[in-house]
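Chain residues, written in single-letter form:
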Number of protein chains: 2
Amino acid sequence: MTIHVSTLCLGALSLGEASGYELKKFFEETFAHFHSASFGSIYPALSHLERDGLVTHRVEEQTHRPARKIYTLTANGRQRLAQTLDEVETGEQLRSDFLVQMFFAHLLPAGRVAAAVSGRLAATEAQIAYLEQVEARADLLPGMRFTVRYGLAVNRAKRDFLRSAEAHVPDTAGGCTDE
Amino acid sequence: MTIHVSTLCLGALSLGEASGYELKKFFEETFAHFHSASFGSIYPALSHLERDGLVTHRVEEQTHRPARKIYTLTANGRQRLAQTLDEVETGEQLRSDFLVQMFFAHLLPAGRVAAAVSGRLAATEAQIAYLEQVEARADLLPGMRFTVRYGLAVNRAKRDFLRSAEAHVPDTAGGCTDE
DNA sequence: ACCTACATGTAACCCGTTACATGATTTG
DNA sequence: CAAATCATGTAACGGGTTACATGTAGGT
């Protein structure tokens, strides 16, 4: 079995009550580097979880702002979360359009390869900078810190590899233009 | 825009004609570490590509075996592939159920964290062994070799991190059991 | 006897994203 | 005056997976 948005929601709510809107922010801030979710999946997930008795909500009215629905984990929800996390198979998978591009580098126009590499390098460096900020936070549990350090280790390896690649690859994948 | 199965098929066919069945094998052998595709998406993709005039096929009858449809890239197909590869945005994203598990390590039963880490370590080591074999092949174009080395760099970083984690984390995420 | 490899294909399903509708308030 | 932030929700769409149907041959 794999992790879905509903499990992510349960997980986030296990750390404290929140609205759907806040959950999205939380996902972006905290585990953007290994999962994601949009409103279109979060709101339905919360409804579904409530139908199943895993969360409840109260409405918080606000002046000059839309009312918020604050969701709270129930005892059943907490139990379900623990069970799901335990049963999930410990998988990981990369989906890299960048590597597809590189794989067929010989079909790209001159300069495109170098552009792709430096683009990816910039993105990786940004990711590192971001993770370093997160790592500095004092409120992280050991498991959370683990995910950040894992991300840092992986991204630093990517960065180093891409930097050395920038030097090695002159243009169009090492001048190996066939056809 | 992102890479879809049809682009993967065009790419594989740019290296030589093949049947749908062979394409699947190729995907598994050659870029399993950054993309994937199942029959349920490959066959429809090929039909669609043929409708669009990007590939053609001939039927190869076999004795005692089902007939094969051997697909070939057309000139239009080759052009489209080059164009798509050029236009794709150079993205990359990880989807890690392992890290979700780690993030909520404090909710897991004793021993589960250690099991997850060593399971992931074994998978990573297998991946490295596999990539090392691929790297040894002489028929790889520079771009293809790049993807293999990238995979090796990333996975070795993961391996090293997980090994040191195995030592550091005694059980249940560093003895941080709350609740 | 059963599983695996060979080989193609389709339909049901799943789960997610994008885009929209609604609407006040703050910031550039 | 436009855009972003706050806040929720839904419908259309998309793109994939799983599972099934079909059938032979060879290995265990």
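One can find the structure itself at the top, above this paragraph.
The structure reproduced in this document is the subject of the present report. (Residues numbered from 1 in each chain as written. Chains lettered and ligands numbered in written order. Predicted model: local features only at pLDDT ≥ 70, side-chain atom pairs only at ≥ 80, totals over all residues. Heavy atoms only, no water.)

1. Observations concerning the interface of chain B and chain A
One frequent convention defines the size of an interface as the accessible area lost when the parts assemble.
Part 1: Opposite the 63 residues of chain B that make contact, chain A presents 63 residues.
Part 2: When chain B packs against chain A, close to 6200 Å² is buried across both sides, 69% of that on carbon and sulfur atoms.
Part 3: If you sort the residues of chain B by the area they bury against chain A, Thr90(B), Phe103(B) and Phe146(B) come out on top, with a joint share of 12%.
Part 4: At the boundary of chain B and chain A, one finds four salt bridges.
Part 5: For Glu92(A), the salt bridge is made with Lys158(B), and the minimal N-O distance between the two is 2.9 Å.
Part 6: Inspection of the chain B/chain A interface yields 30 residue pairs in polar contact (both at pLDDT 80 or more).
Part 7: Among the secondary structure elements, those contributing two or more residues to the side of chain B that touches chain A are α1 (5–13), α2 (20–30), α4 (75–87), β3 (92–96), α5 (97–103), α6 (112–136) and α7 (142–168) of chain B.
Part 8: The leading source of residues in the side of chain B that touches chain A is α7(B), at 14 residues.
Part 9: Its residues assigned to classes, the side of chain B that touches chain A shows 37 nonpolar, 15 polar and 11 charged.
Part 10: In this structure, strand β3 (residues 92–96) of chain A lies alongside β3(B), joined through five bridges in antiparallel fashion. (Contact = heavy atoms within 4.5 Å. Buried area = accessible area lost by both parts, 1.4 Å probe. Salt bridge = Lys/Arg side-chain N within 4 Å of Asp/Glu carboxyl O. Polar contact = N/O pair within 3.5 Å; in protein donor to acceptor, adjacent residues only side chain to side chain. Helix = DSSP H or I, 4+ residues; strand = E, 2+ residues; numbered from the N terminus. Nonpolar A, V, L, I, M, F, W, Y, C, P; charged D, E, K, R; others polar. Pairing = 2+ DSSP bridges.)

2. Overview of the protein's contact with DNA strand C
Part 1: Close to DNA strand C lie 22 residues, the nearest being Ser38(A), His64(A), Lys25(B), Gln62(B) and Lys69(B).
Part 2: For DNA strand C, the backbone makes up 74% of the atoms found within 4 Å of the protein, where backbone means sugar plus phosphate.
Part 3: Taking Val5(A), its main chain carries an N or O atom lying 3.1 Å from a phosphate oxygen of DNA strand C.
Part 4: Elements with a contribution of two residues or more to the surface near DNA strand C: α3 (39–51) of chain A together with α2, α3 (39–51) and β2 (65–73) of chain B.
Part 5: For the surface near DNA strand C, the element with the most residues is β2(B), which contributes five residues.
Part 6: A breakdown of the residues in the surface near DNA strand C according to their chemical character gives eight nonpolar, 10 polar and four charged. (Near = heavy atom within 4 Å.)

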